[in-house]
Each structure stands twice: as structure tokens, then as C-alpha cells.
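Chain and residue survey
Given next are the chains, with one letter for each unit.
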Amino acid sequence: MSTSPIGSSTSRVDGVLKVTGGAKYAADNMLTNMAYGYLVTSTVGKGTISAMTTSGALASPGVLAVYTPFNPLKLYAYGGDENDEFTPPLQDKNVRYRGQVIGMVVAETFEQARDAAALVTATYSTQTPVTAMAKSASGSGTVSEVYNTSIVHHHAMEPHATVASWSGTHLTIYTATQGTPLVVSRLSHALGVSSANIHVVNPYVGGAFGGKWGNWAHTPLTAAAAQALGRPVKTVLTREQVFTVVGHRPNTSQTVSLTANSSGTISALKHIATVSKSNSSNFTENPASVSKSTYAAGSISTAQTPVSMDIPATTIMRAPGEANGSFALESAIDELAVALNMDPLALRQKNYAKTVPGGSTPWSSKHLAECYTTGAGAFGWSQRSAKPGQVTNGDWLVGLGMATAAYPAGRSASTLMVRLQNDGTAVVSGTGSDAGTGQATVFAILGAAALGIPVAQVSAELGDSTLPTAANAGGSGSTSSNGTAVNVAAQAAISALIQLAISNTSSPFHGKSASSVTYKNGNLTSGSTTISFGALLTKINVAGVQATGTSAKNTTSGYGFMSFGAIFCEVQVNKWTAEPRVTRLLAVMDAGTIVDAKTARSQIMGGMIMGIGQALLEGTILESDGRFANANLASYLVPVNADLPHIDVTFLNYPDTILNPIGMRGIGELGIVGAAGAVANAIYNATGKRVRDLPITLDKLL
Amino acid sequence: MQGFDYTAATTVTQAVGAAGTGSAYLAGGTTLVDLMKLDVMGPSTVIDINALPLTAVTTDSAGLHIGALARMSDVAANTQVTSAFPVLSQALLASASPQIRNMASIGGNLLQRTRCDYFRDVTVSCNKRSPGSGCPAQTGANRGHAILGTSTSCAATHPSDLAVALTALGASVQLQSGSGTRQVALSDFYVEPGTTPNVENTLQAGELITGVLVPPLPWATNSSYLKIRDRQSYEFALSSAAIAVEMSGSTITAARVAVGGVGTVPWRLPAVEAALQGQTATVANFTTAAAKAVTGAKTLADNAFKVTLVQRAIIRALSELLGVS
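Please read all numbers here as calculations on a predicted model, not as lab measurements. (Residues numbered from 1 in each chain as written. Chains lettered and ligands numbered in written order. Predicted model: local features only at pLDDT ≥ 70, side-chain atom pairs only at ≥ 80, totals over all residues.)

Turning next to the overall build of chain B. Along chain B, the regular secondary structure elements total 12 helices and 12 strands. The proportion of buried residues among the 325 residues of chain B is 53%. Here the analysis covers contacts within chain B between residues at least 6 apart in sequence; of these, 64% occur between residues at least 24 apart. (Helix = DSSP H or I, 4+ residues; strand = E, 2+ residues; numbered from the N terminus. Buried ≥ 20, exposed ≤ 12 C-beta atoms within 10 Å, placed from the backbone. Contact = placed C-beta atoms within 7 Å.)

Encoded structure:
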């Protein structure tokens, strides 16, 4: 191996399994004697349950049990906060929101459980839920406007599912999660069971986006029901239940006020956010934080005000804070450019943050300026008409817009294991989660690079709580954290291999000093003897040699660590019927060393597509009684392929070696930051209409 | 899902013989099965009619005959349809998804139920699902709801694109029951909600749609279907327009116009057709004619934009079909 695979375009190592049905997701686990759980949810927005009738359900065919607050499965307080609900289900009779879990039916088949659940009725003492979202107050400046965003949902393709099975006091649980350790910790508290007795298995995750970080009501309930019934239980949420049983991204109302001189220098940036916050969860989004780090300004002030509401949990979702905040900030920058009669890109370049805004702290690695110029060149930004509504394509108005992407980078602790096997292959393993991101492929590539062997000879094992504790999939931190640990573990495995080679009596290196044996590209060499590790292990009759390696949390201070990018967008808006369509989308990203060009491109595209959804389609309508009016995927629209143009993604690929030796940063969230702003700004350029409320649907442009 | 008896018929006689009050015919199942799972529909007997010999598409002097069990995708691709009635093919291809079009039948398409989210959620009231219980859409989330043919009992739109195109073409459905056969024009088949939104058409209990007849209209070769929606695929219409135009030079000598996504039933617009007849094909004339589309429109809090949108859809459809801008 003379060429490093880092940065190559490698197809996902689990791709074939995934497209042929061979990847076993949580709900795919079919255990002997398994029963099926089905959740019953509240039909009022707030109140207390005075009675529940379960006799019909209990008499229904195949029903094994009906659990309610009047006949609960005992669950203990979760302890701590993981962006999910304060309290486990069924432990009290309070209804905190509509769609809250108030019961579970377990039956021999899914259909029997579902049909019986429909027979469970509840009587409520109702109160009026708080569902009104406050609008942010107006401000002042060269421009000052209020921007509003909607409640949106993760809606991973794989709905949340849990299969639980007990063997004595030991629980094995298959559940969709962004990190098996998160489930161990949560269930240990909720079930009152030692962590050592909980085994969480989840090698494949069908998308997560923050929605599978927390553990939602079905997980402890399913585990407790399986224990109570003495047989495995599977619970899969319906798509409608995913809307309320699982948390969502809060809606926001944000005032951005920018004060600038005529040459575009911003002297004051004020970003005040009002955000909805569920009375059932602790998470509060901070959209204004994006304004602290994106542009230089004489003074920057940010604030947020949560509005407590009787709604399902508010939780983290891809770029929590930044996705909403950047829409407001990037729209406001565009509005300032209009007010000053400046090019919006030139205005951004004018207020370029050469250091972390508010001081002289340097960036670990920042090449946003190159993102701007490279992107502008490739996109043809110079063709943009400064005056809106001037460019047409037949009956379509054409507009160009852009925005800055910025998202914090970090590195948390991770331990991984590397195992070298007698067939010449290697395995990189740890608890980390590949929620469709490509993390398993990154493990294989980095393992191959560290060991000097082909990627095809390295496999990844993830999603098992008994493996070494790697970083969970969140905050765009997996690759920076786990990727660094791959190298450490690989070096440890090589050391272990050499120790074995000099100590095993059948080894050609027996008795030599460790320092005399060198490892390169899969081979051990000492003197004139060279043998591959596979051949050596075979010769000495050892199946494999393994070692763990730990990479600590980043403690380097004195730098700002962020990823950056520029997103350029072309939209066309029909002059008669006003539907906006994204016709071109281009991103240039400064995200450190890219490990796998192919899955990285997919990650950025996925973020940008989610941004198109945020900009044009997605939004849950909250009714005054706390009901989500459009809680199904026919009425809550996400983009389909027909909505998407070719998406051009370029990575600058400058290593951030202050963050980690390979220079990797995260890319999971970066793509969505700025995407909605770029779309909104392009729509303004096309039509001359500034829409400050998401989603930008055609009725706002007619 | 409520329990039901299942029977499979192999002849039309057998099917209608098994049918009665509380029964439902199963063709593609793309609406019925969904709504049964949601407990919105609960037939006591489901009669599988997929084996019935009703899939043919033929043309004779009476017009185009489409068997009720022809699948949407097959009809959309049928050359008799694409050549003589492009508006039908376009309406079908703008509907649902390829997978659904492969399953769903023409008869079932005409009988599909509204997508109103109150209708589909049994935890809330709905006069169509549960007569007399109320209509939350009147004051609730009603951006997608109808502006034409509504009542205080119901404002749900009819969801079929195909029915809009067929209505423009003056098509009829052929019906069969134990008491014989009859033919009903689509304009007489669908019923506005009034005070009984649970009654959606003039089908009698157990009556089966066996086919659709589209009468000859030579100039329907110059026809099109325009569907406006938030998402470019796999979504129901906010507004749609089915048009066919006969031209003599630059003069419109006859026109057919029907709209969808705005009416409680597929909505033919004779006043717009009359306003177009004899006019030169100009955007100004299209605009004048389209203004007659919204006579009697009643809007709710969130759907007033449809008054504008439906007119624009007509103007745009005419502009694109006739190459006038």
C-alpha cells in the first residue's frame, strides 16, 4: 500500500447489505416466542387521566397484557438528561401533550396488539394546553427583521423500534440509537438494572439526525414488558406516533438587527431568539449562537427566550440551533446587502471573521475565504443580477442566492479495538453508530491507512454496547473522535502483534527483540525475513491478535474550532403559479481532511436536502388543542427526488491538525447550516419578495 | 382494523351478487386498505374483484372504453390514450407514485377518499366519516381545502386527478348491480357535500363501476393537465387544470376546462369554456375567462390563495398548451 486510502472515493462497506436487505435493523430481529407491543397515545393536549377502560382490549384475541398508568410497568427516574423526556411513561396520570404514551398493549401478533389498542379508551380531566408561540419583538438597525421557523421533524426512514429479550436478569435489547452506551445508561436507571446486565445491539441505523439520541417511551416500556411477560417483545412506532412519541426541532421567532456603515462594515449584530420548549423535556435550542461565530462585527449580542409549551418533546435535530439561526442570520445579511446596494457575497467578505469574533483567538484552520471565491467561480455568481426579478427562463423567474455555513468542530474521547486476523484481514470495532453517515466505511478506511493494507481487508463492527466505548454519533464529532482512536488502536495492535511474534515459539521471530521487528503494509520484517501478519498468525496457529487504543477528549485551547462552507443556490419561481423550485445547488466546504469523498459528499448533500425541506416544504401545524394537524408523511412534506437538482459538493480538504493528527472535522450537520438561507435569498433575487416565515410555500409568493 | 369477511369474485355477476350494504370492493387496495388500517373504513365484507375481466382499453365509435380494473400505469402508457387524450395520460402520471400507479385501478381512482387530515384521524370529528360529529376543518388547518362546492359541513377536496380530466372530457362511468347496468355522466356521479358529506356519489349499495366511457372529442388531441403542488411529485394538487382546446388559426373555437384541488367534487367550468370560445388565444383573454372560474368561491382562513391560484393554473395551462405567453 503506497497510496493512503484517506480521501479516496470509497463505496460504503455495508452498502450491498443495506440495499439487499441483509442489514439487520432493530425491527428486523425476529426472536422465538416474541410478542408485540403497540402504544396507546393521549387524545387531549393537557390534563389528567381519570380512568381508562381496558376490558375490551384484554378480551381481544391474542392479548397478553394492557399496561396503563392504572396498571403500570414500574419504571424509575431516568436520572440526567439526554435530550429526551423528563419522566418515563405510565408512572403518573398526567397528560403533558397530545400524542403522549398513556398505554401499551402486548399481544401475540402486531395486528392483534394494534386492534386491541384501538379498544382502549381514556377519560380525561382536561386543561387548556399552552400552544401559542410568541413572536419575537422588533428591533432596530440598518436592517432589523423578524424571522419565523416551523416545527420540523427528523423522520428518519427507519421508524423507532425496540426488541427486548431477557435471560434471567440479563437484558438484550435491539433498539435504534445513535449510541448503544446511551441506551445502557438510560435503561439502567429506568429499569433499576445494573449496566453490566444490559446488552444493547444496534449495528445498523436507518437514519437518526438527533432523533435517536434520546431514548423515547417505547424503549423502557418494551424492556419492562418483556421482563414482566417473560418473553421477548417488539415495539415499532407507526409513522404517526413518530411525530409525537419522539421529539422534534422547536419552532422559533428570531429578530436579527444589523447596523452597518455605507461600505458594509457591520458595527453591531444583535440576534434575539424566541424558541418553543416542551414542558416534557429539558432541551432548549439556541439559534442565536450561530451569530457569535459567523461574521466579524463591532459588537455581537445574542439572547434566547424559551416559551414553555404543552407539546411533545423538543430535542436536538441536525445542527440544533444553527439550522434555524442561520436562516435568520443569512437572510438578514442578504437584506443588509439590499439596503446598502452591495453584492451579498462582497458584504460577507467585508465582514470576514479572521479570528473568533469578539477577540483575537485564532481559528485552528479556516479557509472560508477560499470557499467563497471557489464557489462563486464555479457557480457563476458574477452572472447574478443585483436587481431582483430581472432574469427569466420562459415563464420562470430565476434567482441566485448564497449563504455561509459554519458549525463547531470537536473531538471527544473514544476507545476502539483493532484486531488482526489470520486470514490477513483486520477488524476495527467500537460502540460507535453508523446512522447512514458512512462511519463504518470511515473505520475501514482509517484502519486500512493505519495498517497499510487494502480497505477491502478491513471491516468495521459498531453498535454493540459490549465493544470498547467509542464516541456516539452526534454533534458532527464521530469521525474526529473515533477516527483518531483508530490510529491509536492500530498502533497498539501492531505492538501486540510484534510481542506475539517474538514470544511465540513457532514464530520465525521468536526470541528477537521487539525493536528489531518492524511492521509495514501488513508485513513484519526482521533481518531478511518478511512475513505478512495473516501468514504469521496462521503459522503460529493463532486466530487473531487485538488491542484497544484510546484517544482522549480534545484539550487544546486557545483556538476556535469550526467547519465552514459556502452554499450557492439557484431557484426558479413560476410567474403564474409561484411554486419555487431549486434548480442548482453548490457547496464548497472547508471541513478538514475528508476521509471518504463519497460518503462525505452524501452527508453534505443530505444536509442540504434537509435544508431544502426546511426552506420550502416542512412544517408541522400545531392546533390550539395541542394536536399536530398534519402528522403523517402525506401532509408533512419532505423533499422527493423530483424536488432536487444536481448538487455539486467540493471539499477544500485542508487538514485541521490542531484538532487531531489526521486533521479531520465533522460533516454531519454542516450541510444544513445556511441551506435554507441560500434558498430564501435566491427566491428574493428571483421575485423581489422577501419571505421571512418558513416554509416558503407558493401561497407566500403568489 | 375491524374484522371483515373476505371473498374473491371471478365474474361481475358473482361480485355484485356478493355485495350489499357494508361491503366494499377491493381492487388495487391503495386507498381501501390504508383507510381500514386507520379504522376510517370498516367494511363487513371485502370482495376482491381483481380477477374480473375488466382491464381492457378499447376504442370504437362510442369513444374510448377503459375497464375499471385497468391499472393507472397501464392506462397512462396506452397509445390510444396518449394519442387521443393526452390530458388523461398526464393526469394519471401526475398522480401518486409509480408503485401506487402500478397497483391502483381506474375504478378505485374515481372512488378514492379525500386526503383531509381530519377525515383520516379517528380521534377527531368529521362529518364525512361520522355524520353529524362536526367539521374541524372549518376553523382548523384548511390550507388544502376546497373553495368550490363547500358547505359548513365539509370542505374536503376530491383528490383524484383523473376524475378532473375525465370531467373535462364529459366522460361517464358504467355501473352494474344486481338490478342491471346503467351509465352515469361523471358530472352527475359526484355529489357535493351539502349537509351529507358522507354521501360522495350516486352509487347504490353494492353497485360496481365496470368501466369508463370517454366520448369522442377529436380536438382532445390538443389537451393537457397541469397540477400545482408544493412538492414536485407524490403529492395531491393545491390546484390543477385539465384543458382541451380546439383552434382555428389563432382563434379558440371550443374549449373544455375542469379544475381540481379546489372543489369538493371534480369541477367543470362551463362559464370559462364559454368565455374562451371565439376568442383569440391571448393571455389577456385567458385571464378574463379564468376569472369566471371562481364564481361562488368560499374561502376559509388558510385557503384564500386558491382563488388566485386556480385562475393562474388555468391561464398557465392554456399558455403552455397553446404556446402563448
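Moving on, we come to the interface of chain A and chain B. How large an interface is tends to be reported as the accessible area lost when its parts come together. Each partner contributes to the interface: chain A provides 23 residues, whereas chain B provides 22 residues. Among the residues forming the side of chain A that touches chain B, the class breakdown is 11 nonpolar, five polar and seven charged. (Nonpolar A, V, L, I, M, F, W, Y, C, P; charged D, E, K, R; others polar.)

Residues and elements named next belong to chain B. Along its 18 residues, helix α12 (residues 305–322) runs 26 Å from first to last C-alpha, staying within 8% of the 26 Å computed at 1.5 Å per residue. With 14 of 18 residues buried, α12 lies mostly within the body of the structure. Backbone geometry just downstream of α12 places Gly323 in the positive-phi region, at approximately 65 degrees. (Expected span 1.5 Å × (residues − 1).)

So, on to the packing of helix α13 (residues 597–617) of chain A against helix α14 (residues 675–687) of chain A. Packed helices, taken two at a time, are described by the angle between their axes plus the distance between the axes. All names here are of chain A. Where α13 contacts α14, the axes come no closer than 7 Å and their chain directions differ by 50 degrees. When the axes of α13 and α14 are compared, the pair comes out oblique. Every pair of crossing elements has a handedness; the one defined by α13 and α14 is right-handed. Of the residues in α14, those in contact with Gly607, Met608, Gly611, Ile612, Gln614, Ala615 and Leu616 of α13 are Ala675, Ala676, Val679 and Ala680. Class assignment for the residues of the contact of α13 with α14 results in eight nonpolar, three polar and no charged. (Axes fitted to C-alpha atoms, helices over the stretch in contact; angles between N-to-C directions. Parallel < 35°, antiparallel > 145°, perpendicular 65-115°, else oblique. Left-handed = near helix turned anticlockwise from the far one by under 90°.)

Quick look at the domain arrangement of chain A now. Residue and element names in this part refer to chain A. We note that the domain assignment places domain 1 (15–21 + 411–551), domain 2 (27–126), domain 3 (161–245) and domain 4 (252–410 + 557–700) within chain A. Taking only C-alpha atoms into account, the centre of domain 1 sits 30 Å from that of domain 3. The interface of domain 1 with domain 3 comprises 14 residues on the first partner and 19 residues on the second. Taken together, the residues of the side of domain 1 that touches domain 3 break down into three nonpolar, nine polar and two charged. (Domains from an automatic or database assignment.)

All names here are of chain A. Counted at 1.5 Å a residue, the expected span for helix α7 (residues 322–340) with its 19 residues is 27 Å, and the 26 Å between its end C-alpha atoms agrees. Burial runs high along α7: 17 of the 19 residues are buried. A positive phi of about 55 degrees marks Asn341, the residue just after α7.

This part is about the confidence of the model for chain B. Summing up the model confidence of chain B, the mean pLDDT is 97 and the portion of residues at 70 or higher is 100%. Here the prediction assigns the complex a pTM of 0.97, and the interface score ipTM is 0.97. (pLDDT = per-residue confidence, 0-100.)

One finds Val105, Val106, Ile567 and Val679 of chain A to be the most contacted residues of the largest nonpolar core, which totals 216 residues. Not counting residues within four places of it along the chain, the set of residues in contact with Val105 of chain A comprises Tyr38, Val40, Ala57, Val63, Val66, Ala113, Ala116, Ala117 and Val120 of chain A. Residues Val262, Val272, Phe286 and Ala290 of chain B belong to the second largest nonpolar core, which totals 105 residues. (Core = buried A, V, L, I, M, F, W, Y, C linked by C-beta atoms within 7 Å.)

The next thing to look at is the sheet that holds strand β12 (residues 267–268) of chain B. Residue and element names in this part refer to chain B. As summarised here, the arrangement of the four strands in space is β9-β10-β11-β12, forming an open sheet in which the pairing is antiparallel. The open sheet has two edge strands with one neighbour each: β9 (223–228) and β12. Sheet topology places β9 next to strand β10 (residues 239–248); six bridges connect them, and they run antiparallel. The residue bridging Tyr225 from the neighbouring strand is Ala242, located in β10. Of the strands in this sheet, β9 and β10 are in contact with helix α5 (residues 86–93), which crosses β9 at around 25 degrees. (Pairing = 2+ DSSP bridges.)

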